[in-house]
Amino acid sequence: MQPVHVVGGGLAGSEAAWQIARRGIPVILHEMRPVRGTDAHKTDGLAELVCSNSFRSDDAEQNAVGLLHAELRDAGSLIMRSADTHQVPAGGALAVDRDGFSDAVTAALEAHPLITIERGEIAGLPPHDWDSVIVATGPLTSPALSEAILAETGEDALAFFDAIAPILHFDSVDFDTCWFQSRYDKVGPGGSGKDYINCPMDKDQYNAFIDALIAAPKTEFKEWEENTPYFDGCLPIEVMAERGRETLRHGPMKPMGLTNAHKPDQKPYAVVQLRQDNALGTLYNMVGFQTKLRHGAQLEVFRQIPGLEDAVFARLGGLHRNTFLNSPKLLDATLRLKARPALRFAGQITGCEGYVESASVGCMAGLFAAAERLGTEIAPPPATTAMGALLGHITGGHILRDEPGPRSFQPMNVNFGLFPPVEAPKVDAEGKRIRGKDKSRAKKRAMTDRARTDFGAWMQTLALPEKAA
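As the structure is a prediction and not an experimental result, all values here were calculated from the model.

K.L.:
What exactly am I supposed to notice about the overall build of the protein chain here?
P.N.:
Summing up its helical and strand segments, the protein chain has 12 helices and 17 strands in all. Here the protein chain, with 469 residues, has 57% of them falling under the buried criterion. Of the contacts made within the protein chain by residues no fewer than 6 positions apart, 71% connect residues no fewer than 24 positions apart. Accessible area for the protein chain stands at about 19900 Å²; split by element, carbon and sulfur atoms hold 50% of it.

What follows is the structure, encoded as structure tokens:
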């Protein structure tokens, strides 16, 4: 049997390779690192996490990304298996030790008898004798491959910036000022309800911090980068500050659900949260503090945060450029390039955003490629499922323009707005009318219950053989 080629060893490519090999099909996984590095990666490990270490909410009943976690687990995902094994406390979120996670994915793929890992850049479109290819090169697709894809499609690739949050050493935090607590004391996977380090600010400290953020020198853009927009879900902290003085207090620095353990009678005006970044608990990242500040300015400004006056940083923040296709126009319902059906795309290059979303698209691309190689056809997952809703966004777009013309297309995290409407119960078990927040929760529960049922039924229809590694 001819192999399926997977180009890119990030979360999407790793998951795609795993799903294909599980079906008894040989895979050649191409990863350019360490032969050619990127501005964001630090290692040559597969599925390296270059931004946050959080897979976000693990709540499969009330959160769309938590539902996506559940669907991936049901699909036998290597990414979720490795994440669950290497989780670190993070309140209601699933966060991982980034090195342990990457090492686990790398080890599993290296050990699989049907997976061959080849290190080196694919500097252009794959040769035509590769009759089944998944391109999962992510937000840091090499310039040569990007240009080749553009030439093949005749389209312009869109681009935006992602910003990386700093990581600091736990033992440099002042716990005479800071305290452990999850927002609303929420207990998540592997957590205790005291999973975040909280750094409080009063009003004067907050205002001084905002002034310093806005005034600090930023990274200068190169000429080719100047018109690149940001993805709203990953805005640099200083860009949020420039949008309004109170923006951060209603975003990553919101004080709600937190009580200062040192001064329980004084409500913090704002709070900076730190989340565990490795299994040892020696490193913590600054939640929501993606930044394009110059490195010297980061040290000066972030050490103004109460409790971080003597902070020692293991990694400072930075920027990287992200690229994605106009997928609704270029890709078919099984992620094949319409101009060259032997090529499939997966991961962030398709216009999804987020680790779990990338892995999910890699999972679907792998299943589609496996079915094609085995001579069978499978329908895409139902639109009522998280994977199906995400695929519908990628292949159908989501924003209707006011003026005549095609739909616009921008990167998107999975969210309930992508799902078809659902009829939610109007009364509870006792016959009382459901109102307010309970009404919203009932609707989300109805949506996730429907999704779990439909996804389970879809998995049963795949009829693809599974072979143990």
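Moving on, there is more to tell.
K.L.:
How should I be thinking about helix 11 (residues 386-396) in this particular structure?
P.N.:
In an α-helix, one turn spans 3.6 residues; hence positions three or four apart end up facing the same way. Extensive coverage of helix 11 is indicated by the burial of eight of its 11 residues. Taken as a whole, helix 11 has its buried residues at Ala386, Met387, Gly388, Ala389, Leu390, Leu391, His393 and Ile394. Contacts from the buried residues of helix 11 go to helix 2 (64-74), helix 9 (327-330), helix 10 (355-373) and helix 12 (436-461).

K.L.:
Just checking my understanding: could you explain the sheet that holds strand 9 (residues 167-169) for this structure?
P.N.:
In a beta sheet, neighbouring strands are held together by backbone hydrogen bonds and run either parallel or antiparallel to one another. The six strands are arranged 10-11-12-13-9-14 in an open sheet whose pairing can be described as antiparallel. Two strands in the sheet have a free side with no partner beyond their single neighbour: strand 10 (179-180) and strand 14 (313-315). Here three bridges tie strand 9 to strand 13 (residues 283-286), and the two strands are oriented antiparallel to one another. Bridging across to strand 13, His169 finds its partner in Leu283. Strand contacts of helix 6 (residues 203-215): strand 11 (196-201) and strand 12 (270-276), with the helix running at about 95° to strand 11, the strand carrying the most contacts.

K.L.:
Please explain the nonpolar core as it appears in this structure.
P.N.:
Here is a general trend for soluble globular proteins: nonpolar side chains tend to be buried in one another's company. Ranked by size, the top nonpolar core spans 88 residues in total, and within it Leu11, Phe55, Phe101, Ile134, Phe345 and Phe419 carry the most contacts. Residue contributions to this core peak at 12 residues, all from helix 10. Non-local contacts of Leu11, meaning those with residues more than four positions away in its chain, are made with Ala47, Glu48, Leu49, Phe55, Ile79, Phe101, Tyr355 and Ala359.

K.L.:
Even after reading the chapter, I still don't get the pattern of salt bridges, so can you show me in this structure?
P.N.:
Pairing of side chains with opposite charge becomes possible as their charged atoms draw close. Summed over the entire model, instances satisfying the criterion amount to 18 salt bridges. Close ionic contact of Arg56 with Glu357 constitutes a salt bridge, the shortest N to O distance being 2.6 Å. Here the residue Arg56 occupies a position in strand 3 (residues 54-57), and Glu357 occupies one in helix 10, the gap between them amounting to 301 residues. Residue Glu357 is classed as buried on the basis of its relative accessible area, which comes to 0%. In this structure, the salt-bridge partner of Asp84 is Arg73, at a minimum N-O distance of 2.8 Å. Taken together, the residues span a long stretch of sequence, with Asp84 in helix 3 (residues 78-85) and Arg73 in helix 2 at a distance of 11 residues.

K.L.:
Help me understand the packing of aromatic side chains, please; the structure alone is not making it clear to me.
P.N.:
For any pair of aromatic rings, the description consists of the separation of the ring centres together with the inter-plane angle of the planes. As enumerated under the stated definition, the model contains 11 aromatic pairs in all. Judged by centre distance (5.5 Å) and plane angle (65°), the rings of Phe289 and Phe302 are edge-to-face. Pair noted here: Phe289 is in the loop between strand 13 and helix 8 (295-302) and Phe302 is in helix 8, with a separation of 13 residues, a long-range link. You'll find Phe289 and Phe302 in the same group, each marked buried. Taken together, the aromatic side chains of Phe170, Phe175, Phe180 and Tyr284 make up a single cluster linked through ring pairs. Directly above the ring of Tyr269 sits Arg249, whose terminal nitrogen or CZ lies 3.8 Å from the centroid.

K.L.:
What am I meant to see in unusual backbone geometry here?
P.N.:
Most of the time, phi is negative for any residue but glycine, and the peptide bond is trans. A positive phi angle, close to 60°, is found at Tyr184, a residue other than glycine. Residue classification places Tyr184 among the exposed positions, given a relative accessible area of 58%. At Leu335, a residue that is not glycine, the phi angle is positive and equals roughly 70°. As for its position among the elements, Leu335 is in the loop between helix 9 and strand 16 (336-337). Residue Leu335 is classed as buried on the basis of its relative accessible area, which comes to 0%.

K.L.:
What's the story with helix 3 in this structure? I'm lost.
P.N.:
By the burial criterion, the buried members of helix 3 are Leu78, Ile79, Met80, Ser82 and Ala83. Capping of helix 3 at its N-terminal end is provided by Ser77; its side-chain oxygen lies 3.1 Å from the backbone amide nitrogen of Ile79.

K.L.:
Looking at this structure, how should I read the sheet that holds strand 4 (residues 87-88)?
P.N.:
Reading across the sheet, the three strands line up as 3-5-4 and stay open at both edges, with antiparallel pairing between neighbours. Because the sheet does not close on itself, it has two edges, and the strands there are strand 3 and strand 4. In this sheet, strand 5 (residues 93-96) lies alongside strand 4 in antiparallel orientation, the contact comprising two bridges. Each bridged residue has a counterpart across the sheet, and for Val88 the counterpart in strand 5 is Ala95. Those strands touched by helix 2 are strand 3 and strand 5, and its axis lies near 115° from that of strand 3.

K.L.:
Help me understand the packing of helix 1 (residues 11-21) against helix 4 (residues 98-111), please; the structure alone is not making it clear to me.
P.N.:
A pair of packed helices can be characterised by two numbers: the angle between their axes and the separation between those axes. Between helix 1 and helix 4, the shortest axis-to-axis distance is 11 Å and the interhelical angle comes to 35°. The hand of the helix 1/helix 4 crossing is left-handed. Seen from helix 1, the contacting residues are Leu11, Ser14 and Trp18; seen from helix 4, they are Phe101, Val105, Ala108 and Leu109. The residue makeup of the contact of helix 1 with helix 4, split by class, is six nonpolar, one polar and no charged.

K.L.:
Would you mind showing me how to read the environment of Val187 here?
P.N.:
Secondary-structure assignment places Val187 in the loop between strand 10 and strand 11. Classification of Val187 by relative accessible area gives exposed; the value is 53%. C-alpha of Val187 to C-alpha of Ala93: the two residues are 94 residues apart in sequence and 8.9 Å apart in space.

K.L.:
I keep staring at the packing of helix 10 against helix 11 and nothing clicks. Help me out?
P.N.:
In contact at an axis separation of 10 Å, helix 10 and helix 11 are set at 90° when each is read in the N-to-C sense. By the angle class used here, helix 10 and helix 11 are roughly perpendicular. Where helix 10 abuts helix 11, its residues Glu357, Ser360, Val361, Cys363, Met364 and Phe368 lie against Met387, Leu390, Leu391 and Ile394. Tallied by class, the residues present in the contact of helix 10 with helix 11 amount to eight nonpolar, one polar and one charged.

Reading the values: the criteria
- Residues numbered from 1 in each chain as written.
- Predicted model: local features only at pLDDT ≥ 70, side-chain atom pairs only at ≥ 80, totals over all residues.
- Heavy atoms only, no water.
- Helix = DSSP H or I, 4+ residues; strand = E, 2+ residues; numbered from the N terminus.
- Buried < 20%, exposed > 50% of the residue type's maximum accessible area, 1.4 Å probe, protein only.
- Contact = heavy atoms within 4.5 Å.
- Areas by Shrake-Rupley, 256 points an atom, 1.4 Å probe, with all protein chains shown as cover.
- Pairing = 2+ DSSP bridges.
- Axes fitted to C-alpha atoms, helices over the stretch in contact; angles between N-to-C directions.
- Core = buried A, V, L, I, M, F, W, Y, C linked by side-chain atoms within 4.5 Å.
- Salt bridge = Lys/Arg side-chain N within 4 Å of Asp/Glu carboxyl O.
- Phe/Tyr/Trp six-rings, centres within 6.5 Å; stacked < 30°, edge-to-face > 60°.
- Lys NZ or Arg CZ within 6 Å of the ring centre and 35° of its normal.
- Polar contact = N/O pair within 3.5 Å; in protein donor to acceptor, adjacent residues only side chain to side chain.
- Left-handed = near helix turned anticlockwise from the far one by under 90°.
- Nonpolar A, V, L, I, M, F, W, Y, C, P; charged D, E, K, R; others polar.
- Parallel < 35°, antiparallel > 145°, perpendicular 65-115°, else oblique.

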